[in-house]
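Chain and residue survey
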Amino acid sequence: MRKVIMASLLAATLTTQANAATHWCTGSVETFYVSSNGLAIFKPAWSPVYLQICNVNEDWNGVSPNVCMAWVAKVDAAIGLSKQIRIKYDDVPACDQVPSNASSPPPVYLMLLP
């Protein structure tokens, strides 16, 4: 019985790891806001949920406030200029399956597309 449980746990772990990969998510920004506590949150066209990208007040998942402010400027520019952005995520199952809000993983980068 113990071997069956261990084998099931190992299979579940390997399946989860196999599904998580690097993804470059590209599209328009539908909405964007910065909350009173500094959370920078947006709703991209590729996702059914709101995603957090950083915090303008403090380090968040390895993203500094300086980098966050640069990303905020790019998101604002994308909205104002009707441009798209591209975000690279590591270890997500798909662009439309990135966890929402504060559960979002930190982006590796955020790019404003021409």
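Structural notes, computed from the coordinates. (Residues numbered from 1 in each chain as written. Predicted model: local features only at pLDDT ≥ 70, side-chain atom pairs only at ≥ 80, totals over all residues. Heavy atoms only, no water.)

**Digging into the overall build of the protein**
Going by this rule: For helices the rule is a DSSP run of H or I covering at least 4 residues; for strands it is a run of E covering at least 2, with both sets numbered from the N terminus onward. Exposed residues in this analysis have more than 50% of their type's maximum accessible area, buried residues have under 20%, and partly exposed residues fall in between, with area computed by a 1.4 Å probe over protein chains only. Working rule for contacts: check all heavy atoms of both residues, and any pair within 4.5 Å makes them a contact. Note on areas: Shrake-Rupley with a 1.4 Å probe; residue coverage comes only from the protein chains shown.
The helix and strand inventory of the protein stands at 2 helices and 6 strands. Taken across its 114 residues, the protein has 33% of its residues classed as buried. Pairs at least 24 residues apart make up 55% of the contacts formed inside the protein by residues separated by at least 6 positions. Put simply, the protein shows about 6600 Å² of open surface, and 57% of that area lies on carbon and sulfur atoms.

**Considering helix 2 (residues 65-81)**
Selection criterion: Multiply 1.5 Å by the residue count of a helix minus one, and that product is the helix's expected span.
The end-to-end C-alpha distance of helix 2, which contains 17 residues, comes to 24 Å, matching closely the 24 Å that a straight helix rising 1.5 Å per residue would cover. Two residues or fewer after helix 2 comes Ser82, characterised by a positive phi angle close to 55°.

**Topic: the environment of Asp96**
With respect to the helices, strands and loops of the structure, Asp96 is situated in the loop between strand 5 (85-92) and strand 6 (109-112). Residues Asp96 and Pro44 lie 52 residues apart in sequence; the distance between their C-alpha atoms is 9.5 Å. Filtering out sequence-adjacent residues up to four positions away, Asp96 remains in contact with Trp46, Ser47 and Pro48.

**What about the state of the cysteines?**
Put simply, the rule reads: Cysteine sulfur atoms are paired as a disulfide whenever they come within 2.5 Å of each other.
This model, assessed by the stated rule, comprises 2 disulfides. The partner cysteine of Cys25 in its disulfide is Cys95, sulfur to sulfur 2.1 Å. Across the disulfide from Cys25 to Cys95, rotation about the S-S bond amounts to roughly -95°, and the bridge is consequently left-handed. Taken together, the residues span a long stretch of sequence, with Cys25 in strand 1 (residues 21-27) and Cys95 in the loop between strand 5 and strand 6 at a distance of 70 residues. Just as Cys25 is buried, Cys95 falls in that class too. There is a disulfide in this structure between Cys54 and Cys68, and the S-S distance comes to 2.0 Å. Judged by the sign of its S-S torsion, about 70°, the cystine formed by Cys54 and Cys68 is right-handed. Taken as a pair, Cys54 in strand 4 (residues 51-55) and Cys68 in helix 2 lie far apart in primary sequence, 14 residues in all. In terms of burial, Cys54 and Cys68 fall into one category: buried. Counting only the cysteines that take part in disulfides, in the order they occur along the protein, gives the pairing 1-4, 2-3.

**With respect to the environment of Gly38**
One can find Gly38 in the loop between strand 2 (29-34) and strand 3 (39-44). The class for Gly38 is buried, based on a relative accessible area of 1%. For Gly38, the residues in contact, after removing those within four places along its chain, are Cys54, Asn55, Val56 and Asn57.

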